[in-house]
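Residues per chain, in single letters:
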Amino acid sequence: MKASVIVFPGSNCDRDVAVSLEAAMGNKPAMVWHRDSQVPDSDLIVLPGGFSYGDYLRSGAMAAHSPIMRDVIKKAKAGTPVLGICNGFHLLTESGLLPGVLMRNASLKFVCKDVLLNVERNDTDFARGYAKHQVIRIPIAHHDGNYFADEETLDRLEGENRIAFRYCDTSGALTETANPNGSRRSIAGIYNESGTVLGLMPHPERLADAALGGTDGKPMFDTLIEALH
Amino acid sequence: MKARIKITLKNGVLDPQGKAIANALGALGFDGIGDVRQGKYVEIELDETDRATAEKTVERMCEQLLANMVIENYSYELEGA
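What comes next is a walk through the structure.

About the criteria used
- Sequence order as written defines residue numbering, which begins from 1 separately in each chain.
- Whichever chain is written first is A, and whichever ligand is written first is 1; the rest continue in order.
- Per-residue local features are limited, in this predicted model, to residues with pLDDT of at least 70; the limit for side-chain atom pairs, both in listing and counting, is 80 or more; totals at the level of whole chains, interfaces and linings are taken over all residues.
- To get the side-chain values, all heavy atoms of the structure are used, and hydrogens and water are removed first.
- By definition, two strands form a pair when at least two bridges between them are found by DSSP.
- Counting from the N terminus, the helices are the DSSP runs of H or I reaching at least four residues and the strands are the DSSP runs of E reaching at least two.
- In this analysis, axes come from line fits to C-alpha atoms, helices being fitted only over the stretch in contact, and the angle between any two N-to-C directions falls in the range 0 to 180 degrees.
- In what follows, a contact means two residues having at least one pair of non-hydrogen atoms within 4.5 Å.

1. Section: the sheet that holds strand β1 (residues 3-7) of chain A
Residue and element names in this part refer to chain A. Pairing within the open sheet is mixed, and its nine strands lie in the order β2-β1-β3-β4-β11-β10-β9-β6-β7. The open sheet terminates on both sides in strands that have one partner only, identified here as β2 (30-33) and β7 (135-142). Here the strands of the sheet are splayed against their neighbours by 25° on average, with no regard to which way each runs. Pairing between strand β6 (residues 111-119) and strand β9 (residues 163-168): four bridges, direction antiparallel. Directly across from Asn118, in β9, lies its bridge partner Arg166. Each of β1, β2, β3 (44-47) and β4 (82-85) is contacted by helix α1 (residues 14-25), which is oriented at about 175° to β1, the strand it contacts most. Relative to β3, helix α2 (residues 67-77) is tilted by about 135°, and along the sheet it contacts β1, β2, β3, β4 and β11 (197-200).

2. Side note on the sheet that holds strand β2 (residues 40-45) of chain B
Two orientations exist for strands paired in a sheet by backbone hydrogen bonds: parallel and antiparallel. Residue and element names in this part refer to chain B. An order of β2-β1-β3 is seen for the three strands of this open sheet, with the pairing classed as antiparallel. Edge positions in the open sheet fall to β2 and β3 (72-79), since each of these has one partner strand only. Sheet twist, expressed as the mean angle between neighbouring strand axes with direction ignored, is 20°. Pairing analysis gives eight bridges linking strand β1 (residues 2-9) to β3, with the strands arranged antiparallel. Each bridged residue has a counterpart across the sheet, and for Leu9 the counterpart in β3 is Glu72. Along the sheet, helix α2 (residues 51-66) contacts β1, β2 and β3; its crossing angle with β3, the most-contacted strand, is approximately 150°.

In structure tokens, the structure reads:
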């Protein structure tokens, strides 16, 4: 099993996610610099959280055009699974691999806390370790996580069963108070058409070890590695 | 020549920053403030001397990088052409 973590200037969750991957895989992922033009042969590519290029212009806008992203886009389109967490989700929307955009939080505040997520589907390699509609606890830490797309795109995402996770309360209900950033239809993460590209704002790698205070993020890495092995 | 580019949110896209600006202006005592929308302004010096070519270039810049066409519109003026 080979995984690659793409590192941009300003990435700050690259090593965290590498630790989670290594715990699941037993070997270290390749850390790939944004200036490289080729992702090494990989079963999984991870776009980590952080503040690539200082969030200049728009979060993820610059990084989406870095040399490595051309190859990431090519490989994602050819079927290589790609996981984009937080700033990685920005990159996936800015590069056109996922629809919509992540706008400034409705509160205008940077929100850093644990949130509850409703697992909308569990038939992908990312979510097989969860039950459908299981409520899981995962941290968020972002200023720009307010998912926006036009109504037609939102309807299409729902119609094609492409919502991965939604913000919810303890009972799994999608209430306004449980939505930390104003995201349309409480969307926290979405898939591409084939379910092989996942972008999400919450950070599963930040609760993937009991020492971190929780393990709700761990099944994502475990089932991914199991499926891709 | 110089391109002066304005990037604004499309109609219908909520602008919480614009709303916060409106509230702050109200708090400062400015009355009669309706909707406030904020955006970005970019100036770019271009070596290009042909206006038509410059227009095409600026439009490609806006669509590929400067604006996110999902939520933003752009407009521009060319100066010195």
